[in-house]
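Structural overview for review
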Amino acid sequence: MDHNELPSIPKTAVRKLTKLEILSIAKNKLKIIPNMAFSDNAILRKLNLSGNGINVIDRKAFHNLSNLIDLDLSGNSLSTLPQGIFESLSSMTSLRLDKNLFSFIPNSVLFSPMPNLKLLSFDENACLRIREDMSSSETSHKIQNLNISRSNITVIASHDFLVFSELLSLSLRSNAIAKVSPGAFKPLTRLLVLDLGYNELDILPEERFSGLVSLQSLNLTHNHLLEFPSVKEDLKHLTKLDLSYNKLIKIDGDNFDRMFSLKSLNLRSNKLTWISPSAFDNLSSLLELDISNNQIKHLSSNVLIPAEVRMTVLKLSGNPFHCDCLMLSLWEWLQEHGRFLHQDESPLVCVHPEKLRDHSILTLHPSDICPSPLISDLEVQRLDSDHLTVAWEVQNGTLIGGFTVTYHITTSRSPVVLANLQATARHHDLEDLVPETWYTVCVTATGKYLRMFANKPIPYVTENERTSEVTANNRKCLQIRTLAKTDKSKITLSTLGIILGSSISAALVLTLSILLTALKFRRRRRRPVKNDVPQEYISY
């Protein structure tokens, strides 16, 4: 009987259908459901009265419908329901009251004997609060699914869910909720799914999650959260967490500390600039991670490594990545784990520096991201007849994994690899050299992405051509002649400077001491003899 213009229930026709199990009179022009309207339809199991203009339902309207399991009253103009209206509906499992004019869930619903009710849908009403009164009650429903979305609720009160201890799913989506009272969710120890998306929450202290010990899915998308608390125990069974479209600035190391079962984490479209390297340390079950469309300029691979064990989907696009040396570890990680990047996402590109803007990060070479190191200076610190010390300075040592020092007699064709040094080394000693001999010494920075140079012999360079030879930014060479065994006067300028400076300082100190002593002695000799006899008593 749907989509007609029936002004009332056709009682005569309905009464004759005594074996009727499903009746739909949706989208008509019904205004009132009178008493005993379906009393002759005792085996009716599903009744759809949605999309009418019903504003009044008499108390006995559903009398004798003890077999009814599904009642749809959505899309009407109901604002109240008489007490006892559902007394006969002992088999009811689903009640839909969406798109009406209720300001709260009426007591006639909460305190009616419907022991089998599993679903209560209350979406798109004008609800300002959840319950009609805030008094506690010993009545406990077996409702497992409660939907109160797209309404005007602003506060979740502490007693709102006292009668819903059996809830498995709760949707409060698209309200105006700005505050959750302490202990509001404490009765919901069996709750598996909680949807608080599209509300006005800006803070959720850890205590507000108390009682949600079975929760598996938490949706907080499109709120105004500035931070997410560190929840120690209550959310340890959580498998899905949606924090997208909030105002989160950072993720601390303990935010998800106990979420060992988490499989999906959505941090999309926040204002994240920093994620702690230990933020995902305990997320070994994580399958999907979305941190796209944030304000992240640098992301270390250390953030992702703990979560890579089972990861299948990773979303990073839409961040203003600054492709410099700090991004090198992420580039390396993506070379091995690029398969995690979601294929439908925008490509991962650089935003800074300008020369790399819009370049795909995955197609860059490390030297594009992080310029090769420059050995800016190579000098001899100590020189003798049979040994010398070379020292060097480095600019931009990010790519360096170590140094190779080679030396050979300049006229020789057989270079000798002297040592492989650590990346922190900045000097090295060469021993057992031949006196009065020209040596060519080279220092090469080595690393995973640095080109290695063949140790080819370097042609002899005469004394007049003794200039440093630079074959690449990461390699520098010089030539030096060892001293003669008897030539002790030939010392390095640095050593000579130290000796000369020390000598001058000692001379100055000695001279100053002599001057001070002489001045003091002279003053003592000139001191006048003191005469204790007054002048007027001197006799002649």
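Taking an unreviewed UniProt entry as the reference, the protein chain is identified by name as Leucine-rich repeat-containing protein 15 belonging to Stegodyphus mimosarum.

Right, let's talk about the state of the cysteines for a bit. Applying the stated criterion to the full structure yields three disulfides. Disulfide pairing is shown between cysteine 323 and cysteine 350; the S-S distance is 1.9 Å. Between cysteine 323 and cysteine 350, the disulfide has an S-S torsion of -95° and is therefore left-handed. Remark: cysteine 350 occurs in the loop between helix H4 (328–337) and helix H5 (366–369) and cysteine 323 occurs in the loop between strand S19 (313–315) and H4; sequence separation between them is 27 residues. Cysteine 350 shares its class with cysteine 323; the two are buried. Disulfide pairing is shown between cysteine 442 and cysteine 477; the S-S distance is 2.0 Å. Across the disulfide from cysteine 442 to cysteine 477, rotation about the S-S bond amounts to roughly 110°, and the bridge is consequently right-handed.

This next bit is on the pattern of salt bridges. If you walk through the whole model with that rule in mind, you get 12 salt bridges. As a salt-bridge pair, arginine 208 and glutamate 207 come within 2.9 Å of each other at their nearest N and O atoms. A relative accessible area of 36% means that glutamate 207 is categorised as partly exposed. One salt bridge in this structure joins glutamate 233 and lysine 236, with 4.0 Å as the shortest N-O distance. On the basis of relative accessibility, which here comes to 43%, the residue glutamate 233 falls in the partly exposed class. Here the residues in one salt-bridge network are Asp123, Glu124 and Arg150, joined through shared partners.

What counts, and at which threshold
- Residues numbered from 1 in each chain as written.
- Predicted model: local features only at pLDDT ≥ 70, side-chain atom pairs only at ≥ 80, totals over all residues.
- Heavy atoms only, no water.
- Disulfide = S-S within 2.5 Å.
- Helix = DSSP H or I, 4+ residues; strand = E, 2+ residues; numbered from the N terminus.
- Buried < 20%, exposed > 50% of the residue type's maximum accessible area, 1.4 Å probe, protein only.
- Salt bridge = Lys/Arg side-chain N within 4 Å of Asp/Glu carboxyl O.

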